[in-house]
Amino acid sequence: MAARGDDKIVGEQWERVKELFEAALDCSPPERAEFLSRLYGEAPAFAEHVSALLTSHEQAGDFLRQPLSFAANFLDDLEDPQRFAPDEVLCNRFKIVRLIGKGGMGEVYEAFDQELEERVALKTLRFEVSSNEIFTARFRREIQLARKVTHPNVCRIYESLRHQVGSEAISVLSMELLQGQTLGEYLKSKGRLTADEALPLARQIVDGLCAVHAAGIIHRDLKPSNLMLVPNGSQFQIKLTDFGIAGRLPENPAEPTLTQASKMLGTPDYMAPEQLEQGRATIQSDIYALGLVLYEMVTGTKPFAKTGAWKRLFEDPCPPHKLASDLSGEWNKTILCCLERTPEYRFSNAQAVAQSLIEDAPRALIPIKPLPVRLKATARKGVWFILTFLLVSAALAIMGLRYFRQSPQVPPGTTVLVTDIATEDPTLSGITVALKGELAQSAHFEIEEDGKIVEVLKQMHRRPGDALDASTAREVAWRSGIPLVVSGSLTSSGHGYLLSMTVEKIKYSPLFPALKWKNVFSAANKNDLLDSLHEAATWVRSLAGEALNDPKLDLPVKDTTTASWQALQFYSDSEKRYAQGDATAALRLLDQALEADPSFAKAHMRLADILISRKQYGKGYEEWSKAAALVKARTLTDRESLRIRGQFLEDTGDYEGAQDIYGKYETLYPQDYLPSFYRGSVLDSMGRSEEGLREMKEAERKAPDAYPPVAAEARLDLVLDKLHDAEQAIRRLRQMQHSDAADSIEVGLDMLREDFASAIKALDRLQSTSHPDYVSASYSLRAAFLRELGDDKAAIKALMDGASFDRSTGHSFSESDKWIALAYIYWKIGDAAHCHDAALQALTLENGPLHVLQAGTLLARTGFLSDAHKALSMLPSNTGFKTVDRASHQLEGEIFLAQHKTAEAVREMREAAAADCASCPKEYLARTLEASGDKAGVLHYYREIVEAPARIWQALDYQYPGFWSDVTANYSGLQPNTKDPALANAQARKAGLTLRP
Amino acid sequence: MEPHTGEVTRLLCDLRSGKKEAEAQLFSLVYGELRRIAGSYLRRERPDHTLQPTALVNEAYLRLVEQTEQNWENRAHFLGIGAHLMRQILVDHARKRQADKRGGKKQLVTLDGLEVAAPGIQSPEDLIALDNALLKLESFDHRQSRIVELRFFGGLREEEISHLLGVSVRTIKRDWSVARAWLHAEMTK
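Here the structure is a predicted model, which is why all the values come from computation and not from measurement.

Draft legend 1. Looking closely at the overall build of chain A. Summing up its helical and strand segments, chain A has 45 helices and 16 strands in all. For chain A, buried positions account for 55% of its 997 residues. Restricting to contacts in chain A with at least 6 residues of sequence separation, those with at least 24 account for 60%. As displayed, chain A offers around 42700 Å² of accessible surface, 51% of which is attributable to carbon and sulfur atoms.

Draft legend 2. Inspection of the side chain of D750 of chain A at higher detail. Mapped onto the elements of the fold, D750 of chain A is located in helix α31 (residues 739–753). Look at D750 of chain A: it is buried, it has no salt bridge, and the nearest opposite charge is R753 of chain A at 5.9 Å.

Draft legend 3. Broad picture of the packing of helix α30 (residues 723–735) of chain A against α31 of chain A. Residue and element names in this part refer to chain A. In contact at an axis separation of 8 Å, α30 and α31 are set at 160 degrees when each is read in the N-to-C sense. Regarding the angle of α30 to α31, the classification is roughly antiparallel. Like other packed secondary-structure pairs, α30 and α31 cross with a definite hand, here left-handed. Contacts from L723, H724, A726, E727, I730, L733 and R734 of α30 reach α31 at S739, A741, A742, D743, I745, E746, L749, L752 and R753. The class makeup of the residues in the contact of α30 with α31 is nine nonpolar, two polar and five charged.

Draft legend 4. Main features of the state of the cysteines. Residue and element names in this part refer to chain A. For the structure on display, the rule yields one disulfide over all chains. Here C917 engages in a disulfide with C920; their sulfurs sit 2.3 Å apart. Judged by the sign of its S-S torsion, about 90 degrees, the bond between C917 and C920 is right-handed. Taking relative accessible area as the criterion, C917 reaches 5% and is therefore assigned buried. Between C338, a cysteine without a disulfide, and C337, which holds the nearest cysteine sulfur, the sulfur-to-sulfur distance is 6.1 Å. For C338, a relative accessible area of 0% puts it in the buried group.

Draft legend 5. Geometry of helix α33 (residues 772–788) of chain A. All names here are of chain A. With 17 residues, α33 should reach 24 Å at 1.5 Å per residue; the first-to-last C-alpha distance of 25 Å fits that figure. Burial runs high along α33: 14 of the 17 residues are buried. In the stretch just after α33, G790 is the one whose phi turns positive, near 95 degrees.

Draft legend 6. Region of the structure containing the sheet that holds strand β8 (residues 181–182) of chain A. Residue and element names in this part refer to chain A. If you trace the three strands from one edge of the open sheet to the other, you get β8-β9-β10, paired in antiparallel fashion. Of all the strands in the sheet, the pair left with one neighbour each is β8 and β10 (235–240). As judged from the six bridges shared by strand β9 (residues 227–232) and β10, these two strands associate in the antiparallel manner. Each residue of the ladder has a partner; that of N232, found in β10, is Q235. Strands β9 and β10 of the sheet are contacted by helix α8 (residues 195–214), whose axis makes an angle of about 25 degrees with β10.

Draft legend 7. Up close: the pairing of strand β15 (residues 496–505) of chain A. The buried fraction of β15 of chain A amounts to ten of the ten residues, a majority that puts the element mostly inside the structure. With antiparallel pairing between neighbouring strands as the criterion, strand β14 (residues 484–493) of chain A and β15 of chain A make up a hairpin whose turn holds two residues.

Draft legend 8. View of the environment of E296 of chain A. Residue and element names in this part refer to chain A. Relative to the assigned elements, E296 resides in helix α10 (residues 283–299). You can call E296 buried: its relative accessible area is 10%. Along the chain, E296 and P320 lie 24 residues apart, while their C-alpha atoms are 9.0 Å from each other. Those residues in contact with E296 that lie beyond four places of it in its chain are L187, P224, Y270, T301 and K302.

Draft legend 9. View of the nonpolar core. All names here are of chain A. One finds F785, L891 and W953 to be the most contacted residues of the largest nonpolar core, which totals 86 residues. No other element matches the nine residues that helix α35 (residues 812–829) contributes to this core. A121, I217, L227 and A352 belong to the second-largest nonpolar core, a separate cluster that totals 61 residues.

Draft legend 10. Main features of helix α40 (residues 902–915) of chain A. Residues and elements named next belong to chain A. For α40, built from 14 residues, the straight-helix expectation of 20 Å at 1.5 Å per residue is met to within 8% by its first-to-last C-alpha distance of 20 Å. Taken together, the buried positions of α40 are A905, V906, E908, M909, A912, A913 and A915. Looking at the buried side of α40, the elements it contacts are α39 (882–898) and α41 (923–932).

Draft legend 11. Here's a closer look at the packing of aromatic side chains. Residue and element names in this part refer to chain A. Going through the model one piece at a time under the given rule, you end up with 15 aromatic pairs over all chains. Aromatic side chains Y824 and Y960 sit 4.3 Å apart centroid to centroid with 0 degrees between the ring planes, which places their arrangement in the stacked category. Of this pair, Y824 sits in helix α35 while Y960 sits in the loop between α43 (949–953) and α44 (963–974), placing them 136 residues apart in sequence. By relative accessible area, which is 2% here, Y824 ends up buried. Taken together, Y662, Y673, F677 and Y678 form an aromatic cluster joined through their ring pairs. Seen from the ring of Y578, R606 lies directly overhead, with NZ or CZ sitting 4.9 Å from the centre.

Draft legend 12. View of the confidence of the model for chain A. All names here are of chain A. Taken residue by residue, chain A gives an average pLDDT of 78. The fraction at 70 or more is 80%. Long-range and interchain partners of residues 71–80, a stretch whose pLDDT sits below 50, account for 36 contacts in this model, where long-range means more than four residues apart. In the model, residues 128–132 has pLDDT below 50 throughout and makes ten contacts with residues more than four positions away in sequence or in other chains.

Draft legend 13. The packing of helix α26 (residues 655–668) of chain A against helix α27 (residues 674–685) of chain A, seen in detail. All names here are of chain A. The N-to-C vectors of α26 and α27 enclose an angle of 160 degrees; their axes lie 9 Å apart at closest approach. Considered as vectors, α26 and α27 are oriented roughly antiparallel to each other. Of the two elements, α26 crosses α27, and the hand of that crossing is left-handed. In this structure, α26 contributes Y655, A658, Q659, Y662, G663, Y665 and E666 to the contact, and α27 contributes L674, P675, S676, Y678, R679, V682, L683 and S685. In terms of residue class, the contact of α26 with α27 is made up of nine nonpolar, four polar and two charged.

Draft legend 14. Unusual backbone geometry, seen in detail. Residues and elements named next belong to chain A. A positive phi angle, close to 75 degrees, is found at D87, a residue other than glycine. Look at D87 and you get exposed, because its relative accessible area is 54%. Although it is not a glycine, N92 adopts a positive phi angle of roughly 60 degrees. By secondary structure assignment, the location of N92 is in the loop between β2 (89–90) and β3 (94–102).

Draft legend 15. Spatial organisation of the pattern of salt bridges. Inspection of the entire model under this criterion finds 50 salt bridges over all chains. Close ionic contact of R951 of chain A with D684 of chain A constitutes a salt bridge, the shortest N to O distance being 2.8 Å. Here R951 of chain A, found in helix α43, pairs with D684 of chain A, found in helix α27; they are 267 residues apart in sequence, far enough to count as distant. For D684 of chain A, a relative accessible area of 13% gives the class buried. Notably, a salt bridge pairs E746 of chain A with R734 of chain A, separated by 2.2 Å at the nearest N-O pair. Note that E746 of chain A is positioned in helix α31 and R734 of chain A in helix α30, a separation of twelve residues in sequence. Classification of E746 of chain A as buried rests on a relative accessible area of 13%. In this structure R734 of chain A comes out as partly exposed when scored by relative accessible area, which is 27%. By sharing partners, the salt bridges in this structure join E15, K18 and E22 of chain A together with D141, R143, R170, R174 and D175 of chain B into a single network.

Calculation criteria
- Residues numbered from 1 in each chain as written.
- Chains lettered and ligands numbered in written order.
- Predicted model: local features only at pLDDT ≥ 70, side-chain atom pairs only at ≥ 80, totals over all residues.
- Heavy atoms only, no water.
- Helix = DSSP H or I, 4+ residues; strand = E, 2+ residues; numbered from the N terminus.
- Buried < 20%, exposed > 50% of the residue type's maximum accessible area, 1.4 Å probe, protein only.
- Contact = heavy atoms within 4.5 Å.
- Areas by Shrake-Rupley, 256 points an atom, 1.4 Å probe, with all protein chains shown as cover.
- Lys, Arg positive; Asp, Glu negative; His and termini not counted.
- Salt bridge = Lys/Arg side-chain N within 4 Å of Asp/Glu carboxyl O.
- Axes fitted to C-alpha atoms, helices over the stretch in contact; angles between N-to-C directions.
- Parallel < 35°, antiparallel > 145°, perpendicular 65-115°, else oblique.
- Left-handed = near helix turned anticlockwise from the far one by under 90°.
- Nonpolar A, V, L, I, M, F, W, Y, C, P; charged D, E, K, R; others polar.
- Disulfide = S-S within 2.5 Å.
- Expected span 1.5 Å × (residues − 1).
- Pairing = 2+ DSSP bridges.
- Core = buried A, V, L, I, M, F, W, Y, C linked by side-chain atoms within 4.5 Å.
- Phe/Tyr/Trp six-rings, centres within 6.5 Å; stacked < 30°, edge-to-face > 60°.
- Lys NZ or Arg CZ within 6 Å of the ring centre and 35° of its normal.
- pLDDT = per-residue confidence, 0-100.

If you want it as structure tokens, here you go:
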């Protein structure tokens, strides 16, 4: 076909040729000939091509049939040829005898060292490698360390030199020349070894490895082909070779080897999982490799022989005694312990491995920390600590044995329960706070919220303020489905402190002993205790399976909370009092905490949080600003601060800022549903409700058991007119046992569907529920519902009943809301006096910006201007916060309006609207424009509201009762165009808002 | 330099959403890794000493893409890139080999004859010829050339190729047959 060189057939014609070829192939051979001859008749050019292709096809045979798999030898051609010839002299010193083989990064020769008059092995580094600075720096460092190792079981490194070849300089390493075979070859010939045969070899390997580790080197590439067996009489002497990145001796000269820097990483076959995953090589990864070598020695096979190297990340190896039935329990356990997927569970050093093979006693399975250096200095005291460790480990070893292979690792996003750390020293009572602050940084797990713990305690008929001890904690965890419990105790002695931490895995009922992992951290004094706490937290986090490679999530205690024990104590007490319901005491204690450490950012934030929840905005914002200033100096990334910051920005109307923070939050804690949840609501406020809905669904996906995103989704569905979806979401809420939330949203859905009977049922259910917050809301919802349907009297009654209820339960915030609602209704029906009283009543109960604004507005509208001015003066000025600014402008506008200063009123209202959230109704602006005669503007803002009743009705208790109907009435009165579809729809809907008997 | 695992994931995402620049960056990141692994695979003590490109690319994938980000879409894209890179690596070295031979560098150690890697591809010269032929094919049927690359160098199955390229399996099969025939003819000219 291509024989006709100029015959380029492309594009559509080529496609046609392909089709014809396919058709021809589909034919059976006799048909094919016929097909072709027909084709020759019709389109001879095509026929030529097709025919040529068919011929090729037949001749091709197996050509390209299988994917390329290349023989090693083939790739060997990728190597450079041998660099040096026999008798060549390097560095004026080494005379090449012969090439022994090719190592990873160069070649290995036998050479004669003319200075020392000895035969040595000479390793040359390839040029590309030699010229890489980073590489050579590491190489040199390793060499320096390796040279210090003089041990019978380690191949000696003599010299490191550079040899000039023309303009290139290559690195040359001289080492002990070893004659013998590798362990790999030996095993190949022998098959497998008995434990008795293997033990002396194992001990030598261990000794060598210990020597290497002691010099500060990680071998990184321990395997049978790196272990030389040098004959020594009737026995073997093992020599460790090729450690670090010093290169390798080849096992077989004819065998090809590899390219360049891959040697740095070692062969996948013998790599520990964490090495494969993260490239981290530690003593533990050498231990893993050692385990593999031992495995191979006694079973004759590799544990992951059939599968790829990466399987070891997920799977456990087949226990060696299954493959070698005469293998003792010690060997089996030892090998399996070396092969633990989590580095912390393996032996902490090579010597322990050897001991485990010899001794009868089972090894403790707790990762025991090496003694801190400072305590080693005092030998006698050191002994005491060692004894304690041993006692603890012995005791736990017995338990540990039974649950040999369980792991405390939990999947990302799990909730853990942190109990109070028991301590007798009251000045250290803040340690739990500090620990929680540390653990809260984790992106891997979440700490169970205090509120939820309190709920469960109530179910257990315990008092919420009770300290959470270990056994209570286990039960709480079990009831809540929490798999991990972290507990600890702090004891002091003459020598300092001992922080004992325990992590328990709860699987069965609390009656069963839980699986325990324990560790002990010591500190000489209080200052050091904070560091120990940090280590303890790090230990817990890595135990739970966290990778711990993000320094942003690894801040020391000083930054996450404070370095002052006093401050921590006050903070801790404050939390306790708050949990008991005593907010005043909590505030006082926080002030004391801040006296102890004014830069305790978290305390400022907590203070701000509580103050704002009590609507003491002025002081609250102040505290927040202080915290913000502190935070700017250091980037606090703990989850709680991010949450509070974001919420604060949202509360104060800085939606863009809130988005930023939530974005950061989401990046740092990808499993947490809250940032998506918050973002969703912020987007809705910004008028981007579709996006908000998507975020909300994302939140649901991240936390399928959490109800807030589902509730928020339901509301968004209503707003976006996805009534069916809303119904589904509401149903899901009920399934999640949150029928109160479901009922409160259902009222809105029912109103949109004009199913008022169902709405009333929902309201009745809410009113009789056990949760006082929802009962309180039910009154407001009912009042709004009734007023939309035109029954002012009943609405007033509902609000009055609601106010009494709130008074009886001490809900001043909600009570104030009800008075505002009443004031609104009174205004609408023209009862100025009652409106005035209600508004003032509301103000005495709550003086936050929102209430001030609403009360002040109504006072202005009913003509009580001096009172309105008084209200205005209650608003903090120049806060720089959008919500407060809006309130100021809006109220000023109302006052100007009442004074008939229309121009000024419009100006103020426009400022208010600019500071307002995009999706909030701008009825206040509309009213003002109406007064100024700008009919068009009025209609626009009214229409926005009229067209979207769902926006109002999805949260009936957040708006004035009957708001939608009122605005619709206004709109109807003003809209000259009776054909306006929005008008028609609204009027139709309004007509439907009646209670049929 | 070792690529950060998140980087590769991000680039894969960029690639999927159509950012062409991501491709070049990914290539350079993955290239280094593939070469490393290619080499280390050779040290495996397998009696047949053969190497499957898919295994190699799989391993590169595992090492380069974070656990939590591994999904089949990423993997398919990655394999696709791997195939291309494998081809590049092998052909590059084949060409270098040829240059060396022509330059007459001293070879003091003679190696055993090559084992058959694939029928029709017996030597570096053959590999270069295939590459040239593929380049020619690419000039008028890019998809076919890509299919060959994915199948022969990457070891991807037809379903995987179909998904990656967004064409039906039937089209893949057809294009493959045609390409094979065409390449054979081209190489036996």
